[in-house]
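Listed below are the residues making up each chain.
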Amino acid sequence: MFSGKKSAAGDPPSAYDYAVMLLARREHSVAELRGKMARNDYAQQEISEAVEQLQQAGLQSDERFCEVFVRSRIGRGQGPLKIDAELRQRGVASALIALALEAADTDWRALAREVLLRKYASPVSDARERAKRLRFLASRGFNAEQSYAALAAEDDM
């Protein structure tokens, strides 16, 4: 099951060492770490102890994971609805998600407009095209208010 490096004796690493290897690549939520360790046949007790040690050492933090994730997704041009959904899938608490989105201090309308302008160079020509652009923004995770504001700003140009 384990696909990482084995010790000199050929044994798989401890759950703690495996989690450190995962965290060395990128931030992970607690739920992601638990899931990856469980898929590699680590015992639940060992997983719990490893996660607790990581948190006490400051190597794992759902708050930090959330902040990094939000910044990354904003950089990709994703809206708050999609970011929220992806974080929930990764097992992050709703309260942490709300705090991270608020702390991002992003003008979601401006981001939606920027994303729209990157995708479409020409102005909206008809109702079908307008609907297509609204669907595009919705797929990126922007709510209706943000999407309509982006289209209105595009019309003003």
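Residues numbered from 1 in each chain as written. Predicted model: local features only at pLDDT ≥ 70, side-chain atom pairs only at ≥ 80, totals over all residues. Heavy atoms only, no water.

Engineer: How would you explain the nonpolar core if you had to name every residue and give the values?
Structural biologist: Counting residues in each nonpolar core, the largest one holds 24 residues, and the members touching the most others are Ile83, Leu87 and Leu137. Looking at this core, the elements with two or more residues in it are helix H4 (62-75), helix H5 (80-89), helix H6 (94-103), helix H7 (108-119), helix H8 (127-139) and helix H9 (144-155). Setting aside anything within four residues of it in sequence, one finds Ile83 in contact with Phe69, Val70, Arg73, Ile74, Gln78, Leu101 and Trp108. Grouped together as the second largest cluster of nonpolar side chains are 13 residues, Tyr18, Ala19, Leu23 and Val30 included. (Core = buried A, V, L, I, M, F, W, Y, C linked by side-chain atoms within 4.5 Å. Buried < 20%, exposed > 50% of the residue type's maximum accessible area, 1.4 Å probe, protein only. Helix = DSSP H or I, 4+ residues; strand = E, 2+ residues; numbered from the N terminus. Contact = heavy atoms within 4.5 Å.)

Engineer: Run through H6, naming residues and quoting values.
Structural biologist: For H6, the set of buried residues is Leu96, Ile97, Ala100 and Leu101. The buried residues of H6 occupy an angular sector of 130° when the element is viewed end-on, so they sit on one face. Facing away from the buried surface of H6 by more than 90 degrees, the exposed residues are Ala95, Leu99, Glu102 and Ala103. The secondary structure elements touched by the buried residues of H6 are H4, H5 and H7. Just beyond H6, the residue with positive phi is Asp105, at close to 50°. (Arc of directions from axis to C-beta.)

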